[in-house]
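# Fold and geometry: a report
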Amino acid sequence: MKSRKLAVEGALEFTPRVFEDQRGLFVSPFQGPAFTEAAGGPLFPVEQTNHSRSRRGVVRGIHFTVTPPGTAKYVYCARGAVLDIVVDVRVGSPTFGAWDTVRMDQVDFRTMYCPVGVGHAFVVLEDDTVMSYMLSSSYVPENELALDVRDPALALPLLDGVEPILSERDQAAPTLAEAKAAGILPDYERCREIEDALRGRRTSVAG
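Because the structure is a prediction, the values reported are computed rather than measured. (Residues numbered from 1 in each chain as written. Predicted model: local features only at pLDDT ≥ 70, side-chain atom pairs only at ≥ 80, totals over all residues. Heavy atoms only, no water.)

### Quick notes on the side chain of serine 137
Put simply, the rule is: Each helix is a run of H or I in the DSSP string that is no shorter than four residues. Each strand is a run of E no shorter than two, and both are numbered from the N terminus. Each polar contact in these results corresponds to two N or O atoms within 3.5 Å; when the atoms are within protein, one needs to be able to donate a hydrogen and the other to accept it, and residues that are neighboring in sequence are counted only if both atoms are side-chain atoms. Contacts between residues were defined by any pair of non-hydrogen atoms, one from each residue, lying within 4.5 Å.
Tracing the backbone shows serine 137 in the loop between strand S12 (129–135) and strand S13 (144–146). Engagement of the side chain of serine 137 in a polar contact is seen with the backbone oxygen of glycine 70, the distance being 3.5 Å. Within the structure, the side chain of serine 137 is placed 2.5 Å from the side chain of threonine 71, a separation counted as a polar contact. What serine 137 contacts, discounting residues up to four positions off in sequence, is Glu47, Gln48, Gly70 and Thr71.

Below you can see the structure in the form of structure tokens.
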């Protein structure tokens, strides 16, 4: 399995080897040893898995979790194709405001690791696309926040000539600057502490 550091600090792309024969194919989207080598520690204990199905033109995100508690994600596309996007919304991060993308499809089976506190979105490129996530924490509605994926200051790559299909929550979401001014964005150092504790790199989180 190959790995690549993304433009957002702590975010990683993985590309597994695909085995094909006359029966079809086999692929392992997550591999513990490869993740540990690339990330400097094991994956978080999985508290929840998510599954979504979307049609072409749907955009989900930018979503992030109140931190603490914070949430880390390991994401892959089980069917179809998306442009997966990670956005650094952690105040104080050396890459604050930066973003990067990973094309996920049924050719290369790439995956993405999103560290605690970052924003996540994806643009659906094909009908009946299925996304699957492993999460470090359970879903708590009041902890889930959103930013405007159409924020001109971010200039994220959406589908040309296609009006994005958004949920009501995502349509009403603030820009990154508005969210920072409102004080609702995660703190980078706090995110790092929580992630280290989740992944066994520290024994406790102060405060």
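The discussion continues.
### A look at the nonpolar core
Rules: Nine residue types can take part in a nonpolar core, namely buried Ala, Val, Leu, Ile, Met, Phe, Trp, Tyr and Cys, and a core is a set of them joined through side-chain atoms within 4.5 Å. Only protein chains enter the area calculation, which uses a 1.4 Å probe; residues under 20% of their type maximum are buried, those over 50% are exposed, and those in between are partly exposed.
Ile62 and Leu147 are the most contacted members of the largest nonpolar core, which has 20 residues in total. Contributions of two or more residues to this core are made by strand S6 (59–65), strand S8 (82–87), strand S11 (119–124) and helix H3 (176–182). Leu6, Val58, Val82 and Cys114 belong to the second-largest nonpolar core, a separate cluster that totals 18 residues.

### What about the environment of phenylalanine 44?
On the secondary structure map, phenylalanine 44 appears in the loop between helix H1 (32–39) and strand S5 (48–54). You can call phenylalanine 44 buried: its relative accessible area is 3%. Spatially, the C-alpha atoms of phenylalanine 44 and threonine 71 are 9.8 Å apart, while their sequence positions differ by 27 residues. With residues up to four places along the chain from it excluded, the contact list for phenylalanine 44 reads Ala72, Lys73, Tyr74, Tyr113, Met134, Leu135, Ser136, Leu198 and Arg199.

### Points about the sheet that holds strand S2 (residues 12–15)
Cut-off, in case you're wondering: In short, DSSP must find at least two bridges between two strands for them to pair. The axes used here are C-alpha line fits, helices contributing only the stretch in contact, and every angle between their N-to-C directions lies in the interval 0 to 180 degrees.
Strand order in the open sheet formed by 6 strands is S1-S2-S10-S7-S12-S5, and the pairing between neighbours is antiparallel. The open sheet has two edge strands with one neighbour each: strand S1 (2–5) and S5. This sheet shows a mean twist of 20° between the axes of neighbouring strands, independent of strand direction. The sheet contact formed by strand S7 (residues 73–79) and S12 spans 6 bridges and is antiparallel.

### Regarding the sheet that holds S11
Sheet architecture is open: 5 strands sit in the order S9-S8-S11-S6-S13, paired in antiparallel fashion. Each edge of the open sheet is held by one strand with a lone partner, namely strand S9 (99–104) and S13. Along the sheet, successive strands turn relative to each other by an average axial angle of 25°, direction set aside.

### Observations regarding the pattern of salt bridges
What counts, and what does not: We define a salt bridge as a contact between a side-chain nitrogen of Lys or Arg and a carboxyl oxygen of Asp or Glu at a distance within 4 Å.
Under the counting rule described, the total for this entry stands at 11 salt bridges. A salt bridge links arginine 103 to aspartate 105; the shortest N-O distance between them is 2.9 Å. Its relative accessible area of 7% is what places aspartate 105 among the buried residues. A single network of salt bridges, built from pairs that share partners, joins Glu9, Asp88, Arg90 and Arg192.

### Some details on the pairing of strand S3 (residues 18–21)
In this structure, S3 lies alongside strand S4 (residues 24–27), joined through 4 bridges in antiparallel fashion. In the strand pairing of S4, glutamate 20 is matched with leucine 25.

### Quick word on unusual backbone geometry
Cis rather than trans, the peptide bond between glycine 61 and isoleucine 62 has omega equal to 10°. For isoleucine 62, the position within the fold is in strand S6. Here threonine 67 and proline 68 are connected by a cis peptide whose omega angle stands at -5°. Position of proline 68 among the secondary structure elements: in the loop between S6 and S7. A positive phi angle, near 55°, is found at alanine 155, a position not held by glycine. Residue placement: alanine 155 occurs in the loop between S13 and helix H2 (168–171).

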